[in-house]
Amino acid sequence: MKKKIIIIGAGILGASTAYQLSKTNTDVILIDRNEPGQATDAATGIICPWLSKRRNQAWYHLAKNGAKIYPTIINELEKDGEKETGYKQVGALSVRAKKETLLEMKEIALKRRVNAPEIGEVTILNPKETRKLFPPIAEGLGAVHVSGAARVDGGKLRKALINGALKNGVKYIQDSASLILEGQTVTGVKLSESTIKADTVIATNGAWMKELLAPIGITFSSSPQKGQLIQLHMPDVDTSEWPVIMPPSNQSIVPFDDRVIIGATHEKKEVGFDHRITAEGMHRVLFTALKFAPGLGNGTIIGTRVGFRPYTPEYLPVIGKIPPYEGLIAANGLGASGLTTGPYLGTQLAKLALDQPLDIDLQHYDIHEALMND
């Protein structure tokens, strides 16, 4: 008999998990209530983890492998007829004014390329060479150019993953879901007007995980971090081949075929689920972008977005079975790197649900760090 698995939450992580499971002999149901503000909507879409100075090796393992498997996943989606994935390898420019800083970044990248050849070519560019690749850049900024970096439209990729999963037999339900607990086992979910039983329930509902687990006596220690971003259109300019820009800030600039995304903000946890686009948030995004790329000042603002990234206490993703219950698995805490790590974590969640060996050590992403029993 086929194993039946329910996935709650169809952001980048849930959609990736469903797509991976769709290729197995498994009965899969993906449920999402279309909550506004999914973290996927607040992501600019840079796939370039190799220049990060973040020292946490557990995080880097996820991010490195996330970047590595992207071409494989995109190729699989295209074979399933999903051509609009939003992914393109355009390279990245990490811009700085000091040559010493550029040399240091290049050294980091070359060391990491030994175990991550997908980085591609790593080159230091002078200000003139930098401006040739990205004309709006500020005077005097050079860059480290990483050829293997990419951009991804999270919304398009999510849609492609869901469509690919549907073609492979996954059922997709748009509704609210709550957990059904029988004794010490989660046996399924309750929807608005029906219930569905399953062998395993996987929770991937991001910043709303606390709300899902509270009724079964689990306090999940996560918090939503609000992010706001702006979409610009550059009149009479082809931005399709521009590289992504990584300035010395926590915001970025990501050109797409028809727009340039700038942002996103990283706001205080106390903001909570505030869906408003604020004047302060827009000022922060525009000020940072125009400081490093004043040539974007002529762009037309064609849209804004807001989303809520899930963060756990250690600012590191957690994944595992939820004790003391049987039949319940969760992953959370992807934070600002969700588009990079989400597809890879989806492969690991699928393996965990099928009791297959994982490619990560769960001790490094211990879900106990983010929960406690009431």
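Details of the structure are given in the entry above.
Quick summary incoming for the structure in this document.

The rules behind the values
- Chains are numbered independently. Their residues run from 1 in the order of the written sequence.
- Note on the predicted model: pLDDT of at least 70 is required for a residue's local features to be given, and 80 or more for side-chain atom pairs to be given and counted; whole-chain, interface and lining totals, by contrast, use all residues.
- As a convention, hydrogens and water are excluded, and side-chain values are obtained from all of the structure's heavy atoms.
- Put simply, a salt bridge is a Lys or Arg side-chain nitrogen that is within 4 Å of an Asp or Glu carboxyl oxygen.
- For Phe, Tyr and Trp, where Trp contributes only its six-membered ring, two rings pair if their centres lie within 6.5 Å, and the inter-plane angle classes them as stacked under 30 degrees, edge-to-face over 60, or tilted in between.
- Every helix listed is a DSSP run of H or I at least four residues long, and every strand listed is a run of E at least two residues long, numbered separately from the N terminus.
- Buried, partly exposed and exposed residues are distinguished by accessible area as a fraction of the type maximum, computed with a 1.4 Å probe on protein chains only: under 20%, between the cut-offs, and over 50%, respectively.
- Lysine NZ or arginine CZ positioned within 6 Å of the ring centre and within 35 degrees of the ring normal marks a charge as sitting over the ring.
- For two strands to count as paired, DSSP must find a minimum of two bridges between them.
- Comment: axis = line fitted to C-alpha atoms, over the contacting stretch for helices; angle = value between 0 and 180 degrees taken between N-to-C directions.
- When describing relative orientation, an angle under 35 degrees is termed roughly parallel and one over 145 degrees roughly antiparallel, while 65 to 115 degrees is termed roughly perpendicular and anything else oblique.
- By the definition used in this description, the sense in which the near helix is turned from the far one sets the handedness, with an anticlockwise turn below a right angle giving left-handed and a clockwise turn giving right-handed.
- In this description, contact between two residues means that some pair of their heavy atoms is separated by no more than 4.5 Å.
- In this classification, the charged set is Asp, Glu, Lys and Arg, the nonpolar set is Ala, Val, Leu, Ile, Met, Phe, Trp, Tyr, Cys and Pro, and all remaining amino acids, among them Gly, are polar.
- Polar contact is the term for a pair of N or O atoms within 3.5 Å; when the atoms are in protein, one must be able to donate a hydrogen and the other to accept it, and sequence-neighboring residues count only if both atoms are side-chain atoms.
- Take the number of residues in a helix, subtract one, and multiply by 1.5 Å to get its expected span.
- An arc is given here, and it is the one of the directions from the helix axis to the C-beta atoms.

### Here's the deal with the pattern of salt bridges
For the structure on display, the rule yields 19 salt bridges. Put simply, Lys3, Lys321 and Asp355 are held in one network by salt bridges that share partners.

### Focus: the packing of aromatic side chains
Inspection of the entire model under this criterion finds five aromatic pairs. Here the aromatic rings of Tyr70 and Tyr87 are separated by 5.1 Å at their centres, their planes lie at 10 degrees, and the arrangement is stacked. One end of the pair, Tyr70, is in helix α2 (residues 57-79); the other, Tyr87, is in strand β4 (residues 87-88), with 17 residues separating them in the sequence. Here Tyr70 and Tyr87 have matching classes, each one buried. Here the aromatic cluster, defined as three or more aromatic residues joined through ring pairs, consists of Trp208, Phe273 and Phe308. The ring of Tyr60 carries the charged tip of Arg112 above its face, separated from the ring centre by 4.3 Å.

### Focus on the sheet that holds strand β8 (residues 150-152)
One open sheet accounts for three strands, arranged β3-β8-β4; its pairing is antiparallel. Unpaired on one side and paired on the other, β3 (46-47) and β4 mark the two borders of the sheet.

### A short note on the packing of α2 against helix α5 (residues 154-167)
Put simply, α2 and α5 touch, their axes get as near as 10 Å, and they point 55 degrees apart. Comparing their axes, α5 and α2 come out oblique. Between α2 and α5 lies a crossing of left-handed hand. When α2 is examined against α5, the residues Tyr70, Ile73, Ile74 and Leu77 are found in contact with a partner set consisting of Leu157, Ala160 and Leu161. Partitioning the contact of α2 with α5 into residue classes produces seven nonpolar, no polar and no charged.

### So, unusual backbone geometry
Omega for the bond connecting Gly263 with Ala264 falls within 30 degrees of zero, at 0 degrees, which places this linkage in the cis form. Counting through the fold element by element, Ala264 comes out in the loop between β18 (260-263) and α7 (279-292). Here the bond from Pro323 into Pro324 is cis, since omega is 5 degrees, no more than 30 degrees from zero. You can see Pro324 is positioned in the loop between β20 (318-321) and β21 (328-332). You will see that Tyr315, though not glycine, has its phi angle at about 55 degrees, which is positive. Looking at the element boundaries, Tyr315 is found in the loop between β19 (300-311) and β20. For Tyr315, a relative accessible area of 40% puts it in the partly exposed group. One non-glycine residue, Asp355, adopts positive backbone phi at about 60 degrees.

### As for the packing of helix α1 (residues 12-21) against α5
The interhelical angle for the contact between α1 and α5, taken along N-to-C directions, is 30 degrees, at an axis separation of 8 Å. On the basis of their axis angle, the class for α1 and α5 is roughly parallel. Here the hand of the crossing between α1 and α5 comes out left-handed. Facing α1, whose interface residues are Ile12, Ala15, Ser16, Ala18 and Tyr19, α5 presents Leu157, Arg158, Leu161, Ile162, Gly164 and Ala165. Across the contact of α1 with α5, the residue classes break down as eight nonpolar, two polar and one charged.

### So, the environment of Asn65
Here Asn65 shows up in helix α2. Along the sequence, Asn65 and Gly295 sit 230 residues apart, while their C-alpha atoms lie 34 Å from each other. A polar contact is formed between the side chain of Asn65 and the backbone oxygen of His61, at a distance of 2.7 Å.

### Observations concerning the sheet that holds strand β11 (residues 185-190)
Judged by pairing direction, the sheet is antiparallel, and its three strands sit side by side in the order β10-β11-β12 without closing on themselves. Two strands bound the open sheet, and with one partner strand each, they are β10 (178-182) and β12 (195-197). The average undirected angle you get between the axes of adjacent strands in this sheet is 35 degrees. Pairing geometry for β10 and β11, over five bridges, is antiparallel.

### Structural notes on the environment of Ala203
Residue placement: Ala203 occurs in strand β13 (residues 200-203). Along the primary structure Ala203 and Ala330 are separated by 127 residues, whereas in three dimensions their C-alpha atoms are 4.5 Å apart. Setting aside its immediate chain neighbours within four residues, Ala203 contacts Ile8, Met209, Leu212, Ile329, Ala330 and Ala331.

### Quick look at helix α3 (residues 99-113)
Residues that lie three or four places apart on an α-helix share one face, since the helix turns once every 3.6 residues. In this model, α3 (15 residues) spans 21 Å end to end at C-alpha, consistent with the 21 Å of a helix rising 1.5 Å per residue. Those residues of α3 that fall on the buried side of the exposure criterion are Leu102, Met105, Ala109 and Arg112. Looking down the long axis of α3, one finds its buried residues gathered within 90 degrees of arc, a one-sided arrangement. Of the exposed residues in α3, those oriented more than 90 degrees away from the buried face are Lys99, Glu100 and Lys111. Of the surrounding secondary structure, the elements contacted by the buried residues of α3 are α2, β5 (92-96), β6 (122-125) and β7 (142-146).

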